[in-house]
Amino acid sequence: MTITLPALPLGVSWSVCLLDARSGRVLAEHGADQVVPTASVGKVFALIEAARRIVAGDLDPAEELGWDLDERVADSGLWHLLRQPTLCLDDLCVLIGAVSDNLAANVVIRRLGLEPIAATTHALGLRDSALLDRARDERRPADPAALSRGRADELSDLMARLHRDEVIGAAVSARVRQWLAGTTDLSMVGGAFGLDPLAHRADERGVRLWSKTGTDPGVRADIGVVETPARTIAYAVLAHWDATGPDRRDDVLAAMRAIGTRIAG
């Protein structure tokens, strides 16, 4: 079985890879080894490191954490709108998986440390995909140019390994999948499956989906695993374009949903 990709809009750097999640066989690819900014997709590396330490007994999922003033960001998430000044680590990871909560991610990244997150990412065999920084309202010249970067072949393989319980171990993989299963952003590849964005943890319409998306000016990225009665596919669909040029968002989102339609079969 192979999948034919739809025509992808010009003027956009695409990195796309679709895999059979069980075997790892490539079903379709386009620029799969091209490295592009991936915005909040990189938060999955923080979730993996958090799960690794929790399972190892080095981190208490009930540990209460609060935010520092410079960690507050204006968008993406719920915690910055809530009165609750502290939340437990496990709840913060739920918020990251469900609504890509920037404030929660910043607190978790501070608790874990960027260097240990990078070391675990590297140990998993990823060479070019990485979490580079915390979320910021404004990136200064001294800051990393992007929150994260990635390439579709590495990220789709990571998703397939999570599906097969091969990311550090079954307990770590299952915990990360549980956090990602609550994602509410179905605006990209996930929009093709007709799922309820607020309630699709259980099998719905014969489809199971867990995923992580990333959104920035000039960036749309979606990685995950979709299970249907016919097949289980791990995917990474990454798009990057010049945000100062023509607005290509609608064309990019339409192409991403078209890829999802091809995945659905």
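The preceding data block contains the structure.
Read on for a plain summary of the structure.

### Description of the layout of surface pockets
Each pocket or cavity is described by its volume, and for the largest pocket that value is around 670 Å³. If you trace the largest pocket, you find 33 residues lining it, with Ala 39, Ser 40, Asp 75, Thr 215 and Asp 216 closest to the centre. Counting residues per element, the ones that place at least two in the lining of the largest pocket are helix 2 (89-99) and strand 8 (208-216). Top element by residues in the lining of the largest pocket is strand 8. It accounts for five residues. Of the residues belonging to the lining of the largest pocket, the class tally is 13 nonpolar, 12 polar and eight charged. If you add up the space inside the second largest pocket, you get close to 180 Å³. What lines the second largest pocket is His 163, Ala 174, Arg 177, Gln 178, Ala 181, Arg 201, Arg 208, Leu 209, Trp 210 and Glu 227. If you list the elements that add at least two residues to the lining of the second largest pocket, you get helix 6 (170-180) and strand 8. The class makeup of the residues in the lining of the second largest pocket is four nonpolar, two polar and four charged.

### Points about the environment of Ser 211
Along the chain, the position of Ser 211 falls in strand 8. With relative accessibility at 1%, the residue Ser 211 sits in the buried group. Each C-alpha atom, one on Ser 211 and one on Asp 185, is 8.8 Å from the other, the two residues being 26 residues apart in sequence. Excluding residues that lie within four positions of it along the chain, Ser 211 makes contacts with Leu 180, Thr 183, Asp 222, Ile 223, Gly 224 and Tyr 235.

Calculation rules
- Residues numbered from 1 in each chain as written.
- Predicted model: local features only at pLDDT ≥ 70, side-chain atom pairs only at ≥ 80, totals over all residues.
- Heavy atoms only, no water.
- 1 Å grid on protein atoms, 1.4 Å probe; cavity = no way out; pocket = protein on both sides within 12 Å on 5 of 7 lines; lining within 4 Å.
- Points joined across faces, edges and corners; volume = space filled by probe spheres on them.
- Helix = DSSP H or I, 4+ residues; strand = E, 2+ residues; numbered from the N terminus.
- Nonpolar A, V, L, I, M, F, W, Y, C, P; charged D, E, K, R; others polar.
- Buried < 20%, exposed > 50% of the residue type's maximum accessible area, 1.4 Å probe, protein only.
- Contact = heavy atoms within 4.5 Å.

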